[in-house]
Amino acid sequence: MTFGRLSVDVAVASSLARHLEFSPVAFAVTEGPDHVVRYANAAFREFQLSVDAQKGLNLVLDRSLVDGKPIRDELIAQPNSNATQWSCSVWPVPAVSSEPDGLMVEVRDVTAVEEERAVQRSIAERLLIGALREQDNARSATEATRRSSYLSMASRELAMSLDEDATRGVVQRRALPREGAWCIVDVVEPNGSIHRLGVVHPDPTKQALARDMVDHWYPNTDDPIGAPAIIRSGSKEALVIPEQTAIALVGKSHGEENLAVLRSLGFGALLIVPLIARAALLGTITFVSREGDRAVNEEEIIMAWDLADRCALALENARLFRETEALRVAADAANRAKSTFLGSMSHELRTPLNAIGGYVELLEMGLRGPVTPEQRLDLTRIKNNQQHLLKMITDILSFVRPESGQMKYTFAAVPVEPILLDVTEMLAGAAKGGTLHFERNANAPGAVVWADADRVRQIVLNLVMNAVKYTGDRGARITLGAVVRDDNVAIYVADNGPGIPAEQHDAIFEAFVQLGAGLANRGGGVGLGLAISRDIARSMHGDLTVESTLGVGSRFTLTLPRPTTAV
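Anyway, here's the lowdown on the structure attached to this text.

### Here's the deal with the packing of aromatic side chains
How two aromatic rings sit relative to each other is given by the distance of their centres and the angle of their planes. What the rule picks out here adds up to two aromatic pairs. Ring geometry for Phe-509 and Phe-556: centres 6.4 Å apart, planes at 70°, overall edge-to-face. On the criterion of sequence distance, the pair formed by Phe-509 in the loop between strand 15 (488-495) and helix 13 (529-539) and Phe-556 in strand 17 (residues 553-561) is long-range, its members being 47 residues apart. The same class applies to Phe-509 and to Phe-556, which are both buried.

Set out below in C-alpha cells:
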C-alpha cells in the first residue's frame, strides 16, 4: 500500500481530517486495487508494519474490495509467530457507480486490544459485583426494615393491655411474617401444667379448623411440638425440626387423622422457641411453615427469638399485674375490715366508759353517801384512767374516719396566730413548776391558711402534746411559730428533746407505731396521733413532716396552702 496523489474532494478531506486526525484508533482511506492511501490519521501514520504484515493486510483489503463486504477484526496472517499480531477491520467505500473503489481501514495491535478488553472485562466485572452487592445490601435493608416494623407492631400490641387474658390473646396471634405461616402457643401455668392456647390462622377460611384442632389436641409429655418438646430436651434453646421429620413425629404420636388436619392448615417445618422471663420457662411458641415452604433461615430464627422475648415479657408483666391486683384487693378488703372493726369496737367501748365516768361523778358528789378522802383519791384515779381510755378510743375513731371518708371539713381562711396563742394558753399548765418553757415566735402576724380551723388546732395541739411527752422535765423548751412562703404557710413546733433516729422519721407517721421507751417517757397512747395528724393535713391539701437530730431535738412542720393557692 503506497501513498499517492490526493484526488478526493478537498472539503471531505478537511472534514475527515478534523474528526479523525487525533483519534486513538488508526484509520486510513485507500483507493483502487493498489490500495493507494488517500488519507491516514496520525495514529495510522505511526504504524510500522513489517513486510509480512503489509502483505497480509493487502490480502485482506483485496478480498473486501472484490467482495464489496466489510471485514471486522480479522487477524493479519504472518509466518513469524513472535511478530506483533495485528487485527484489521475494513469497510468498502462505494464510488459514483455504486461499485466500491475505495476502502476505509482500521488497524489495531491485537495485544493492545486484548489488554483493553481485559480492562473492560475487569471494569464490567467490578461494576457487576458492586451492583450485586448493592442489590444484596438493599434487600438486607428492606428485610431489616420489615422485621423492625413487624417487631415494633408486635411490641405495641403486647403493651396495649396488662390484662392476662388479653395478653395471651395477642401472643397466640404471633407468627413469622411469611406467607401461610402460623403458630402454636403453649404456656406453663404456676402449678406446672401446660396449657395450649387457641390457634389463630392467618387464613380466615382455616380458622374454624384450627380452633377445632386445639379443642382436640392437648399437649402431652411425648408431644413433639411446643413446651413438652423443650421440657423433654432439657434445654432452653430453640429447636428447628425439618418438614419430613415433623410429619413423621406428629404422625407417630398423634395419628394420621390429626396429621391430615395439620396438613390442611399448612404443616411444614417447625421452629420451637421457648418463652423465658427472669430465667423461668413461661411456655413456648411453635412457628409453623406451610407445607413445601423453604427452610427457616438464621435471620428468621433471630427474629423469632426477639418476638419470643417480647411475648415472654408481656406474659410475665400481665401475670405480675394480676397477682398485684389480687393482693391489692385483698389488702383493701382487710383494710376495710380493720376500719369497720375499729369503728365498731370504739363505739361499743365508749358507751360503758361514759357510764363509768358518770357513776364516778355521782360518787364524788356524795349522792350515794359520804366519801372518805381515801375513796375520793381512788375515784380520781378511776376517772383519770377512764378519761385516758376514752381519749385512746377517740383517737382510734379519728383514725378510722379519714380512711372511710367520713370526716367532714369546713374550709375557710384561717388566721394562724390566734390558733398558736390558744394552744399555748391551753398547755401553759404543763410547764411543771417553771422547768418546761413555751415560746411563741410571732414572726408571721399576717399568716392565713385555707383549711378547717378545728382540724388545724387539733394538729397543732397534738404536736405540742407530743413535744411535752417527749421532752425531759429539766431545761425543756418548746417553740411554736409560723413562716409565710410564696404559696403556703409552714406552722412548726420545735423542741430540744432527745430527738428521733433518722431511720424512724417515716415510721413515726404510721398507725400504731410508738418510739422505744428508752427514747422518751411516753404518757400513754396507741401511737395514732401523728398518723391522724398527717392524714388530716393531707386531706386539707397540706402535709406534715419532721426534722430531727439525736441529742439536739425535733421540729415538726405543718404545711398548709394560703387562700390564694388553695385547691
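Now that the structure has been shown, the text picks up again.
### Some words on the nonpolar core
Val-456, Val-460, Leu-480, Ile-491 and Leu-558 are the most contacted members of the largest nonpolar core, which totals 37 residues. Top contributing element to this core by residue count: helix 12 (residues 453-470), with seven residues. With sequence-adjacent residues up to four places away left out, Val-456 is seen in contact with Ile-419, Ala-451, Ile-491, Met-540, Leu-558 and Leu-560. Of all hydrophobic cores here, the second largest spans 28 residues; its members include Leu-151, Ala-277, Phe-287 and Cys-311.

### Remarks on the packing of helix 11 (residues 416-426) against helix 12
How two helices sit against one another is set out by the angle between their axes and by the gap between those axes. Across the interface, helix 11 lies against helix 12 with an axial gap of 10 Å and an inter-helix angle of 45°. Taken together, helix 11 and helix 12 sit at an angle that is classed as oblique. Helix-helix and strand crossings are classified by hand; for helix 11 and helix 12 the assignment is right-handed. Every residue of helix 12 that contacts helix 11 at Ile-419, Leu-420, Asp-422, Val-423 and Met-426 is listed here: Ala-453, Val-456, Arg-457, Val-460, Leu-461 and Val-464.

### Details of the side chain of Ser-548
Looking at the secondary structure, you find Ser-548 in strand 16 (residues 543-549). Overall, the relative accessible area of 14% leaves Ser-548 in the buried class. Reaching out from Ser-548, the side chain makes a polar contact with the backbone nitrogen of Ile-500 at a distance of 2.7 Å. A distance of 2.7 Å separates polar atoms of two side chains, one belonging to Ser-548 and the other to Ser-554. Dropping the residues within four chain positions of it, Ser-548 is found in contact with Gly-499, Ile-500, His-505, Gly-553 and Ser-554.

### Description of the sheet that holds strand 8 (residues 239-241)
Taken in spatial order, the five strands of this open sheet run 7-6-10-9-8, and their pairing is antiparallel. One side of each edge strand has no neighbouring strand; the edge strands of this open sheet are strand 7 (194-196) and strand 8. The mean inter-strand angle of the sheet, taken between neighbouring strand axes irrespective of direction, is 20°.

### Digging into the pairing of strand 15
Summarising burial for strand 15: eight of the eight residues are buried, a large majority. Burial of strand 15 is two-sided: the residues Asn-488, Ala-490, Tyr-492 and Ala-494 facing one way and the residues Val-489, Ile-491, Val-493 and Asp-495 facing the other way are all buried. Of the strand pairs in this sheet, strand 14 (residues 476-484) and strand 15 are connected by seven bridges, and their pairing is antiparallel. Bridged to Ala-482 within strand 15 is Ile-491. Two successive antiparallel strands, strand 14 and strand 15, enclose a turn made up of three residues.

### A few points about unusual backbone geometry
Despite not being glycine, His-35 shows a phi value in the positive range, around 55°. Residue placement: His-35 occurs in the loop between strand 1 (26-31) and strand 2 (36-40). If you check the backbone angles, Ala-279 has positive phi at about 65° while not being a glycine. Assignment of secondary structure puts Ala-279 in the loop between strand 9 (270-277) and strand 10 (280-288). When its relative accessible area of 63% is taken as the criterion, Ala-279 is described as exposed.

Quick notes on the rules
Residues numbered from 1 in each chain as written. Predicted model: local features only at pLDDT ≥ 70, side-chain atom pairs only at ≥ 80, totals over all residues. Heavy atoms only, no water. Phe/Tyr/Trp six-rings, centres within 6.5 Å; stacked < 30°, edge-to-face > 60°. Helix = DSSP H or I, 4+ residues; strand = E, 2+ residues; numbered from the N terminus. Buried < 20%, exposed > 50% of the residue type's maximum accessible area, 1.4 Å probe, protein only. Core = buried A, V, L, I, M, F, W, Y, C linked by side-chain atoms within 4.5 Å. Contact = heavy atoms within 4.5 Å. Axes fitted to C-alpha atoms, helices over the stretch in contact; angles between N-to-C directions. Parallel < 35°, antiparallel > 145°, perpendicular 65-115°, else oblique. Left-handed = near helix turned anticlockwise from the far one by under 90°. Polar contact = N/O pair within 3.5 Å; in protein donor to acceptor, adjacent residues only side chain to side chain. Pairing = 2+ DSSP bridges.

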